[in-house]
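Fold and contact review
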Amino acid sequence: QVQLVESGGGLVQPGGSLRLSCAASGSIFSIDRMGWYRQAPGKQRELVATIFSGGRTDYTDSVQGRFTISRDDAKNTVYLQMNTLKPEDTAVYYCNALIARTSLRVYYEYWGQGTQVTVSS
């Protein structure tokens, strides 16, 4: 069994910063793509940032230059550093990862439970 556990959400004022973490645990052989999604009330879940196993990153336009995704493969953990936060960044943030549990390298998608980020004065 594999679990993704997020932490680091909370309430922050506009212009502030937060750092989200997501640790994968359980029977893990290899992790490919890791990413962060978010879902605001009344809106569809959207992809925020992705980091691939080789280190390449990709961001949605609205967070480019403000958010940074990184990973620590030794800890099976992905991070999202969020700077210059805006009220429109308010959402539940979900961690996502493609994980293979054996050397057969069959990858399955896993999700975290979500962590609330609220940007408000």
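Parameters and conventions
- Residues numbered from 1 in each chain as written.
- Predicted model: local features only at pLDDT ≥ 70, side-chain atom pairs only at ≥ 80, totals over all residues.
- Heavy atoms only, no water.
- Phe/Tyr/Trp six-rings, centres within 6.5 Å; stacked < 30°, edge-to-face > 60°.
- Lys NZ or Arg CZ within 6 Å of the ring centre and 35° of its normal.
- Helix = DSSP H or I, 4+ residues; strand = E, 2+ residues; numbered from the N terminus.
- Contact = heavy atoms within 4.5 Å.
- Buried < 20%, exposed > 50% of the residue type's maximum accessible area, 1.4 Å probe, protein only.
- Polar contact = N/O pair within 3.5 Å; in protein donor to acceptor, adjacent residues only side chain to side chain.
- Disulfide = S-S within 2.5 Å.
- Pairing = 2+ DSSP bridges.
- Axes fitted to C-alpha atoms, helices over the stretch in contact; angles between N-to-C directions.

Turning to the packing of aromatic side chains, a few remarks are in order. This model, assessed by the stated rule, comprises 1 aromatic pair. Here the guanidinium or amino end of Arg 45 rests over the ring plane of Trp 111, the centre of that ring lying 4.7 Å away.

Positionally, Arg 33 belongs in strand E4 (residues 30-39). For Arg 33, the contacting residues outside a window of four places in its chain are Thr 50, Ile 51, Phe 52, Asn 96, Ala 97, Leu 98 and Glu 109.

Tracing the backbone shows Thr 77 in strand E8 (residues 77-82). Accessibility expressed as a relative area gives 7% for Thr 77, which makes it buried. A distance of 2.8 Å separates a polar atom in the side chain of Thr 77 from the backbone oxygen of Lys 75. If we ignore the near neighbours within four places in the chain, the residues touching Thr 77 are Cys 22, Ala 23, Met 34, Ser 70, Arg 71 and Asp 72.

With that settled, consider the state of the cysteines. All told, the structure shown has 1 disulfide when counted by the stated rule. Between the sulfur of Cys 22 and that of Cys 95 lies a disulfide, 2.1 Å long from S to S. Judged by the torsion about the S-S bond (-80°), the Cys 22/Cys 95 disulfide is left-handed. Highlighted residues: Cys 22 in strand E3 (residues 18-26) and Cys 95 in strand E9 (residues 91-100), separated in sequence by 73 residues. Among the residues examined, Cys 22 registers a relative accessible area of 0% and is labelled buried.

Quick look at the sheet that holds strand E1 (residues 2-7) now. Spatial ordering of the open sheet is given by E1-E3-E8-E7, a layout of 4 strands whose pairing is antiparallel. The two strands at the open ends of the sheet, each matched to only one other strand, are E1 and strand E7 (67-72). Geometrically, the sheet is characterised by an average inter-axis angle of 15° between neighbouring strands, direction not taken into account.

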